[in-house]
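# An overview of the molecular structure
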Amino acid sequence: MMFFLRAAFWLAIVSVFVPRDFAGEGFDLQFNTASTQIDAGEALGSWCIDREALCEAGAEAVQLGDFLAGFAANRIEAAIDERNTANS
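Residues numbered from 1 in each chain as written. Predicted model: local features only at pLDDT ≥ 70, side-chain atom pairs only at ≥ 80, totals over all residues. Heavy atoms only, no water.

### Quick word on the overall build of the chain
The condition that has to hold: Labels follow the DSSP assignment, with helices taken as runs of H or I lasting at least four residues and strands as runs of E lasting at least two, numbered in each case from the N terminus. We call a residue buried when its accessible area falls under 20% of the maximum for its residue type, exposed when it is over 50%, and partly exposed in between, using a 1.4 Å probe and counting protein chains only. Throughout, the Shrake-Rupley method with a 1.4 Å probe supplies accessible areas, and for residues the shown protein chains are the sole cover considered.
Within the chain, the regular secondary structure consists of three helices and zero strands. Helices and strands in the chain line up, N terminus first, as α-α-α. Buried positions account for 1% of the 88 residues belonging to the chain. Total accessible area computed for the chain in this model is approximately 8,500 Å², and 64% of it derives from carbon and sulfur atoms.

Okay, structure coming up:
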């Protein structure tokens, strides 16, 4: 906790000495999540049409990663439960 208090203190001190225009002029970004996802999906779809084998390998890799992450989570949960029962 003391670390966070010290960090906040020093950030406050440094921010006093930073010039007002340090980051340059502000600008607004238009960000529409739905249209961004649709655009990304269309680009990926057209890319995967040309490289079908690579996309299939990527999908299999994602499935394997999901399986391994679930397996690791189950093992960690079992280890935590064993430790909690041993300490009780």
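Next comes the rest of the account.
### Some words on the confidence of the model for the chain
Note the threshold: A residue's pLDDT is the predictor's confidence in that residue, given on a scale from 0 to 100.
On average, residues of the chain score 81 in pLDDT, and 78% of them reach the 70 mark or higher. The spread of mean pLDDT over the elements of the chain runs between helix H2 (residues 33–50), the lowest at 71, and helix H3 (residues 52–87), the highest at 90.

### Topic: the packing of aromatic side chains
To keep things clear, this is the line we draw: Put simply, two rings from Phe, Tyr or Trp (the six-membered ring, in Trp's case) pair if the centres are within 6.5 Å, and we call them stacked under 30 degrees between planes, edge-to-face over 60, tilted for the rest.
Counted by the stated rule, this structure contains three aromatic pairs. With 6.4 Å between their ring centres and 20° between their planes, phenylalanine 67 and phenylalanine 71 make a pair best called stacked. Residue phenylalanine 67 and its partner phenylalanine 71 are located together in helix H3, separated by four residues, close to a single helical turn. On the basis of relative accessibility, which here comes to 54%, the residue phenylalanine 67 falls in the exposed class. Look at phenylalanine 71 and you get partly exposed, because its relative accessible area is 44%.

### Focus on a nonpolar patch on the surface
Quick reminder of the rule: What makes a patch is a set of residues exposed beyond 30% relative accessible area and free of salt bridges, joined within 9 Å when like-charged and within 5 Å when nonpolar (Val, Leu, Ile, Met, Phe, Trp, Tyr). Should a side-chain nitrogen of Lys or Arg be within 4 Å of a carboxyl oxygen of Asp or Glu, the pair is scored as a salt bridge.
Taken together, the side chains of Phe9, Trp10, Ile13, Val16 and Phe17 make up a nonpolar region of the molecular surface, amounting to roughly 600 Å² of accessible area. Assignment of secondary structure puts isoleucine 13 in helix H1 (residues 2–17). Given a relative accessible area of 32%, isoleucine 13 falls into the partly exposed group.

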